[in-house]
Amino acid sequence: MTGPLLARDDAFALLASETERARAGSGRLVLLRGATGTGRTAVLEATAAHAADRGLRVLRVRCSPEDTTVPFSAVLHLLGSVPEFADVAPGGDDRGNAARLWRLLRSYAADAPVVVAVDDVHLADGASRRWLVEAARRVDRLGVLLVATERSQYDVSPPPVGLTHALSPALVRTHTLAPLTDEAAAALVRRVVPTATDRWTAHCVRAGAGSPLLLRALLDDLVGSPPPAVPDTCAALYPGAYPAAVSWWLDSAGPATAGVARALAALEQTGTAAPEQNGTHDTADGLAHLLAEAAGADPARVTGWLTAMTRLGLLRPGPTGVPHYAHPLLRDAVLTGWPAAARREVHRAAAEAMLARGDQVEAVAGQLLGTTAVGLPWALDVLRDAALGAVRESRPDDAVGYLRRALEEPLPDDLRQRLLTELGSLEYARIDTPSGIPHLTEALRLPAEPRDRVRTAIALSTALVGRGQTGAALQVLRQLEDQLSDHPELARTVQTASALLSDQDLTARREAYQWLSDTAKHSRELVGTAGQALLVRHAATAGSSSAQASMRQLRALLAEPSDPLAEPFLLGTAAAVAQWADDLDEADRLVERGLTGQRPPLLHPMEKALLDTRADIAAARGQYDRLLAAHPTRAAGHPGGPSNADAHTLLALVETGRTQAARQLADGFDLRRTPDSWELNRFLYARGMLRSVEGDVSGALHDFLECGRRQSARAVISPVVTPWRTAAAECRLAQGRPQEALVLAEEELRLARIWGTPRTVGRALGVLGRVTGGRRGLELAQQAVDTLRGSPAHVELVGALLGQGRLLIAAGERAHGRDRLREAAGYAERLGAVRLRRQAEEGLRAGGARRSAAALTGSGSLTASERRIAALAANGHTNTEIAGLLHVARRTVETHLTSTYRKLGIRRRTQLRAALGKQREGWEEGQPA
């Protein structure tokens, strides 16, 4: 691409002035200096054209490195085209030839003023350079303008002395061409592409890097149909003028500079040269020393080169002042055509230098990713440490990259086995990587210590179950168990893992728990503490144990010494049962302890179990926002059906009034093709709740009964897991089939009383009260409310209050019923339970309430007297003191405080300060704030 000069008016004005001076008979040497690509040749050509227009004779030569061995090659190119001087030839007498050539130029200039234009004089042969210097000393009284261009870029290898170093400054006019400003570059872009957006123009300006050469080459590649943004790689450019221009720039700079430039580009690709991105605290000097080590160059010269390139615009300082390439496209062009072997050597040298200076381990590992096997212990240590750090920071993709590279190092079989186990675990966790299970299978085949083999087998079987291959998973564990006759504690761990993973296969599940039960009857130690914990959990779900007895047994097991490999199974099982037992704080502690004890890179079934229990705890507390925020994004094509997290999310969407989003989630699964699992049962229950809210009572009943059928087939009878009977009972009641509803509700209460927690018993009592109706129904509803008050079952308390309020209104006790509905509305509002809140509002309207529940609950509902008394009580005054201060009866103070507690949903005086002014906060001491 050619075009008018940009930002070169000062240079052209100088040369135009010197041209007129030559026409007047007084010559001079003008030296145009500048970095590669700054437009020296363009200015020289423009000067020659101007001189020709002004009547001057122009002699031109473009010097080449191929002519440096021929004496006077450049001068002969200048004068040899003139017929009368065609007989001039080089000889052995340089002084004589120089004098003769000078006489030829004088005689040529005698006819008319002359412009001698020498491009790239730094490439001229030595004799020609000396001749030009001598000519510069003599042309001041001749009509000869000598104009030469010289490359003046700072390179890593020091350049030879310049043309004019031996000339007096009075004999030469030197002008250095500056890089293009951003404004001048943008003007060129808009001139070539008038429709360019500001963003597209800015990208072009950065990729042009202040160089007219690079900018025009880039526009040659992009002109016609500009893309939304300038690409980051040269592969997107055609016909490739830009990378060719960058390559020419590197070649002209010499091998030392090219090596440093490419080393910088390679380091940038791994983030090493951009400490603001990778967390290091490097400096420009630190980068210079690293580049010098990587490229084998002089650190001082590299420092100077970084400074010079930053001033030219090819590099730009980052936020910490460390320079980097002005645009990713420029960096990619610098790397284009560089042999892979050379790049690997740079990364290896950089890794060694960074390790020696104490850089962050992941920064060093990033360089090792670009090398082949180093074969030294430090490289393996760095890669493994980097992988572990990435896992701890929840960056599994980075960890996978480090481990894959670590496996390229020479390794003994046992270490390779451990790395393959870690790699396969991480790859499986990424979902989209098909190599996880093959790597785990390969690891299991390698010789290793028994404990390592158990870890691998558990990871592999967990992955297989996750892919729906439960039979294959159990086969892996059985085969390993047969090889552990000399390690009974490890065999027990494998048996526990088999029992846990058999949950996905009904037949295998029955067999596993039957074996655990039969073995424990004869010798408890043969099943270990984790196996005994599974039996406690099994008894809880089968409806044959109480919460109190189950927790007593589990606490005893937790106090016993446990093998580290078996401990996750014990903690995960105990956490689940503690959550069912409404001991949510202890369940939280067990979950955190279990997750903390997990070996980070390894796949383990209890990690998901612990995370599921964490979600169960949040659901029990009514923390819907937390459940929605934690819902994972599932990859397209993920095998299997809905998860426990999906079920909780669906319920949270229903409870928070986001029915449309809940329907979209429910429709995202084809449950007809979903393999049987406890998670499918949870999802069926959640979908039943959605259908019930949507008014599809028959569809909801189908889901609840199907959930129950599947639960019963798994010997899960107790309502501690899923209260499907109470939900089905309400559907039967809505269908006008109260007798069937009563059977379901009574059975739920019977089983709930076996377990004996306020949540299960209170919920069952409430539903049975609604099903029973009449005076007996009111008694049951009151029992439900009394049972749930003071428990952490806030969601169930709202349901019980709603049921009691409706029954009271139906019995004619409208005022009492409305009070219960207002209380329910206040609790629901604090929970964010929009569905329950709407039900309370509907009940209040049906009961004749003239004010909304919002006006009758929360701190905003307090009367002036109530607020005044509550404020004094919150500040520590007794009832007697308040009565004296306000000149009211003590009984009046007590009445107002009772009303305040009800409106604020609190039970203790100590909660007043936190509750006042808060309407939507969380829960303190088990009660709404």
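Description of the overall build of the protein
Move 1: Each helix and strand in the protein was counted, giving 46 helices and nine strands.
Move 2: Relative to its length of 929 residues, the protein is extended, with a C-alpha radius of gyration of 42 Å against a globular reference of 30 Å.
Move 3: By its C-alpha atoms, the protein is 130 × 80 × 55 Å across when sized along the principal axes.
Move 4: When burial is assessed residue by residue, the protein has 54% of its 929 residues classed as buried.
Move 5: Considering only contacts within the protein whose residues lie at least 6 apart along the sequence, 65% involve residues at least 24 apart.

So, the state of the cysteines
Move 1: Tallied over the entire structure, the rule returns zero disulfides.
Move 2: Among the cysteines around Cys-204, which has no disulfide bond, Cys-234 carries the closest sulfur, lying 14 Å off.
Move 3: Exposure remark for Cys-204: the relative accessible area of 0% places this residue in the buried category.
Move 4: Among the residues examined, Cys-234 registers a relative accessible area of 10% and is labelled buried.

Notes on the nonpolar core
If you look at soluble globular proteins, the nonpolar side chains tend to sit buried side by side.
Move 1: Ranked by internal contacts, the top residues of the largest apolar core, which has 94 residues, are Tyr-242 and Trp-305.
Move 2: In this view, Tyr-242 contacts Ala-207, Leu-214, Ala-217, Leu-218, Asp-221, Leu-237, Leu-329, Leu-330 and Ala-333; residues no more than four positions away in its chain are not counted.

A few points about the side chain of Asp-452
Move 1: Mapping Asp-452 onto the fold places it in helix 21 (residues 450–466).
Move 2: Under the relative-accessibility criterion, Asp-452 is labelled buried at 10%.
Move 3: There is a polar contact of 3.0 Å between the side chain of Asp-452 and the side chain of Arg-455.
Move 4: Non-local contacts of Asp-452, meaning those with residues more than four positions away in its chain, are made with Gln-417 and Arg-418.

Things to note about the confidence of the model for the protein
When pLDDT is low, close inspection of the predicted coordinates is not appropriate.
Move 1: On average, residues of the protein score 88 in pLDDT, and 92% of them reach the 70 mark or higher.
Move 2: Low pLDDT (under 50) marks residues 275–281, which in the prediction has 16 contacts with non-local residues, meaning those over four places away or in another chain.
Move 3: Under a pLDDT of 50 for its full length, residues 919–929 has, in the predicted model, 41 contacts with residues more than four places off or in other chains.

A few points about the packing of helix 40 (residues 814–831) against helix 41 (residues 834–846)
Move 1: The contact between helix 40 and helix 41 brings their axes to 8 Å, and the two run at 160°. Taken as axis vectors, helix 40 and helix 41 run roughly antiparallel relative to one another. The crossing of helix 40 and helix 41 is left-handed. Between helix 40, through Arg-814, Arg-818, Leu-821, Arg-822, Ala-825, Ala-828 and Glu-829, and helix 41, the contact on the second element is made entirely by Leu-836, Arg-837, Ala-840, Gly-843, Leu-844 and Ala-846.
Move 2: Tallied by class, residues from the contact of helix 40 with helix 41 come to seven nonpolar, one polar and five charged.

A short note on helix 31 (residues 644–655)
Move 1: Its 12 residues give helix 31 an end-to-end C-alpha distance of 17 Å, which sits within 8% of 16 Å, the value for a rise of 1.5 Å per residue.
Move 2: The complete set of buried residues in helix 31 reads Asn-644, Asp-646, Ala-647, His-648, Thr-649, Leu-650, Ala-652, Leu-653, Val-654 and Glu-655.
Move 3: Looking at the buried side of helix 31, the elements it contacts are helix 29 (605–620), helix 30 (624–630), helix 32 (659–667), helix 33 (678–693) and helix 41.

Observations concerning helix 19 (residues 413–429)
Move 1: Over its 17 residues, helix 19 runs 24 Å from end to end, which matches the ideal 24 Å to within 8%, given 1.5 Å per residue.
Move 2: The buried count for helix 19 comes to 12 of 17 residues, which makes it a mostly enclosed element.
Move 3: Within the sequence span of helix 19, burial applies to Leu-415, Gln-417, Leu-419, Leu-420, Thr-421, Glu-422, Leu-423, Gly-424, Ser-425, Leu-426, Glu-427 and Tyr-428.
Move 4: On its buried face, helix 19 is in contact with helix 17 (377–392), helix 18 (396–406), helix 20 (436–445) and helix 21.

Digging into the sheet that holds strand 4 (residues 144–151)
Move 1: As summarised here, the arrangement of the five strands in space is 2-3-4-1-5, forming an open sheet in which the pairing is parallel. Unpaired on one side and paired on the other, strand 2 (57–62) and strand 5 (172–176) mark the two borders of the sheet. Geometrically, the sheet is characterised by an average inter-axis angle of 15° between neighbouring strands, direction not taken into account.
Move 2: As judged from the seven bridges shared by strand 1 (residues 28–34) and strand 4, these two strands associate in the parallel manner.

Regarding the packing of aromatic side chains
Move 1: In total, this model carries two aromatic pairs according to the counting rule given.
Move 2: Note on Phe-669 and Phe-683: the rings are 5.2 Å apart at their centroids and 70° apart in plane angle, and the pair reads as edge-to-face. Separated by 14 residues along the polypeptide, Phe-669 in the loop between helix 32 and helix 33 and Phe-683 in helix 33 bring together distant segments of the chain.
Move 3: On the accessibility criterion, Phe-683 (0% relative accessible area) is buried.

Regarding the pattern of salt bridges
Move 1: Under the counting rule described, the total for this entry stands at 64 salt bridges.
Move 2: The shortest N-O distance in the salt bridge between Arg-395 and Glu-362 comes to 2.4 Å. Of this pair, Arg-395 sits in the loop between helix 17 and helix 18 while Glu-362 sits in helix 16 (residues 361–368); the two residues are 33 residues apart in sequence, bridging distant segments of the chain.
Move 3: According to the relative accessible area criterion, Arg-395 is partly exposed, its value standing at 24%.
Move 4: Given the relative accessible area of 19%, Glu-362 is considered buried.
Move 5: Between Glu-422 and Arg-384 there is a salt bridge whose closest N-O contact spans 4.0 Å.

Describing empty space enclosed by the protein
Where empty space is left becomes clear once a probe the size of a water molecule has been rolled over the atoms.
Move 1: In total, this model carries five cavities of 30 Å³ or more according to the counting rule given.
Move 2: Estimates place the volume of the largest cavity at around 60 Å³.
Move 3: Together, Gln-417, Arg-418, Thr-421, Glu-422, Asp-452, Arg-455, Thr-456, Arg-599 and Leu-602 line the largest cavity.
Move 4: Those elements that provide at least two residues to the lining of the largest cavity are helix 19 and helix 21.
Move 5: For the lining of the largest cavity, the element with the highest residue contribution is helix 19, accounting for four residues.
Move 6: Of the residues contributing to the lining of the largest cavity, the split by class is one nonpolar, three polar and five charged.

Some details on the packing of helix 25 (residues 528–541) against helix 26 (residues 547–559)
Move 1: Taken N-terminus to C-terminus, the directions of helix 25 and helix 26 make an angle of 170°; their axes are 10 Å apart at the nearest point. If you check the angle between helix 25 and helix 26, you find them roughly antiparallel. On helix 26, the residues touching Thr-529, Gln-532, Ala-533, Val-536 and Ala-540 of helix 25 are Ser-550, Gln-553, Leu-554 and Leu-557.
Move 2: For the contact of helix 25 with helix 26, the residue count by class is five nonpolar, four polar and no charged.

The rules behind each value
- Residues numbered from 1 in each chain as written.
- Predicted model: local features only at pLDDT ≥ 70, side-chain atom pairs only at ≥ 80, totals over all residues.
- Heavy atoms only, no water.
- Helix = DSSP H or I, 4+ residues; strand = E, 2+ residues; numbered from the N terminus.
- Rg over C-alpha atoms; globule rule 2.2 N^0.38 Å.
- Buried < 20%, exposed > 50% of the residue type's maximum accessible area, 1.4 Å probe, protein only.
- Contact = heavy atoms within 4.5 Å.
- Disulfide = S-S within 2.5 Å.
- Core = buried A, V, L, I, M, F, W, Y, C linked by side-chain atoms within 4.5 Å.
- Polar contact = N/O pair within 3.5 Å; in protein donor to acceptor, adjacent residues only side chain to side chain.
- pLDDT = per-residue confidence, 0-100.
- Axes fitted to C-alpha atoms, helices over the stretch in contact; angles between N-to-C directions.
- Parallel < 35°, antiparallel > 145°, perpendicular 65-115°, else oblique.
- Left-handed = near helix turned anticlockwise from the far one by under 90°.
- Nonpolar A, V, L, I, M, F, W, Y, C, P; charged D, E, K, R; others polar.
- Expected span 1.5 Å × (residues − 1).
- Pairing = 2+ DSSP bridges.
- Phe/Tyr/Trp six-rings, centres within 6.5 Å; stacked < 30°, edge-to-face > 60°.
- Salt bridge = Lys/Arg side-chain N within 4 Å of Asp/Glu carboxyl O.
- 1 Å grid on protein atoms, 1.4 Å probe; cavity = no way out; pocket = protein on both sides within 12 Å on 5 of 7 lines; lining within 4 Å.
- Points joined across faces, edges and corners; volume = space filled by probe spheres on them.

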